[in-house]
Amino acid sequence: QVQLVESGGGLVQAGGSLRLSCAASGSIFSINDMGWYRQAPGKQRELVATITSGGSTNYADSLKGRFTISRDNAKNTEYLQMNSLKPEDTAVYYCHANIVRNWPRIVVNVWGQGTQVTVSS
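Residues numbered from 1 in each chain as written. Predicted model: local features only at pLDDT ≥ 70, side-chain atom pairs only at ≥ 80, totals over all residues. Heavy atoms only, no water.

Novice: In this structure, what is going on with the overall build of the protein? I would like to understand it.
Specialist: Across its full length, the protein holds zero helices and eleven strands. The order of helices and strands in the protein, counted from the N terminus, is β-β-β-β-β-β-β-β-β-β-β. Taken over the C-alpha trace, the protein has a radius of gyration of 14 Å; the compact-globule value for 121 residues is 14 Å, and the two agree within 12%. If one aligns the C-alpha atoms of the protein with their principal axes, the spans along those axes are about 50 × 25 × 25 Å. (Helix = DSSP H or I, 4+ residues; strand = E, 2+ residues; numbered from the N terminus. Rg over C-alpha atoms; globule rule 2.2 N^0.38 Å.)

Novice: I'm lost on the state of the cysteines in this one. Help?
Specialist: Should the sulfur atoms of two cysteines be covalently bonded, the bond is a disulfide. Tallied over the entire structure, the rule returns one disulfide. Paired through a disulfide, C22 and C95 show a sulfur-sulfur distance of 2.1 Å. Its S-S torsion of approximately 60° makes the covalent link between C22 and C95 right-handed. Taken together, the residues span a long stretch of sequence, with C22 in strand β3 (residues 18-26) and C95 in strand β9 (residues 91-101) at a distance of 73 residues. As far as burial versus exposure is concerned, C22 and C95 are alike and both buried. (Disulfide = S-S within 2.5 Å. Buried < 20%, exposed > 50% of the residue type's maximum accessible area, 1.4 Å probe, protein only.)

Novice: Would you take a moment to explain the nonpolar core for this structure?
Specialist: For soluble globular proteins, nonpolar side chains are generally found buried alongside one another. If you look at the biggest cluster of nonpolar residues, it comprises 32 residues, and the most contacted ones within it are L80, M82, Y93 and I99. Sort the elements by how many residues they give to this core and β9 lands first, with five residues. The contact partners of Y93, leaving out residues within four places of it in the chain, are E6, L20, Y37, R38, V48, F67, L80, M82, G114, T115 and V117. (Core = buried A, V, L, I, M, F, W, Y, C linked by side-chain atoms within 4.5 Å. Contact = heavy atoms within 4.5 Å.)

Novice: Explain the sheet that holds β3 to me, please; I cannot follow it from the model alone.
Specialist: To summarise the sheet geometry, strands pair through backbone hydrogen bonds and adopt either a parallel or an antiparallel arrangement. Read from one edge of the open sheet, four strands run β1-β3-β8-β7, paired in antiparallel fashion. Because the sheet does not close on itself, it has two edges, and the strands there are β1 (2-7) and β7 (67-72). Neighbour-to-neighbour, the strand axes of this sheet turn through a mean angle of 15°, independent of strand direction. In this sheet, β3 lies alongside β1 in antiparallel orientation, the contact comprising six bridges. Paired with S7 across the bridge in β3 is S21. (Pairing = 2+ DSSP bridges. Axes fitted to C-alpha atoms, helices over the stretch in contact; angles between N-to-C directions.)

Novice: I'm lost on unusual backbone geometry in this one. Help?
Specialist: The bulk of non-glycine residues show a negative phi, and the bulk of peptide bonds are trans. Of note, the bond from W103 into P104 is cis; its omega dihedral lies within 30 degrees of zero at -5°. Within the secondary structure, P104 sits in the loop between β9 and β10 (107-111). Even without glycine at this site, S84 takes up a positive phi of about 50°. Note that S84 resides in the loop between β8 (77-82) and β9.

Novice: What's the story with the pairing of strand β11 (residues 115-120) in this structure? I'm lost.
Specialist: The side chains of a regular strand alternate between the sheet's two faces. Here β11 shows a buried face lined by T115, V117 and V119 and an unburied face lined by Q116, T118 and S120. In terms of strand pairing, strand β2 (residues 10-13) meets β11 through four bridges, oriented parallel. Across the sheet, residue G10 finds its bridge partner in β11, namely V117. In this structure, β9 lies alongside β11, joined through three bridges in antiparallel fashion. Along β11, the bridge assignment pairs A91 with V117.

In structure tokens, the structure reads:
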């Protein structure tokens, strides 16, 4: 069994910053791509950013320059640094990872439970 546990969400004023963390645990051989997604009330879940095991990143165009994704492979953890936050960034943020299990040696698609980020104006 593998799982992702997020932390770091909360309430912040517009213009502020938050850092989300997502730690993978369980029977892990390796982790391929990791990413962050978000879902605002009444809207579909959307991509925030992804990062490969080698550190290559991809961002939603609207978030480039304000959000930064990173990962620590030794800790099986990814991060999302969010700066200059706006009220429209309010959403539940979900982490995601493609994890290679130890046994059987298969890739599983894993989602975190979500963490609320609320940006007040």
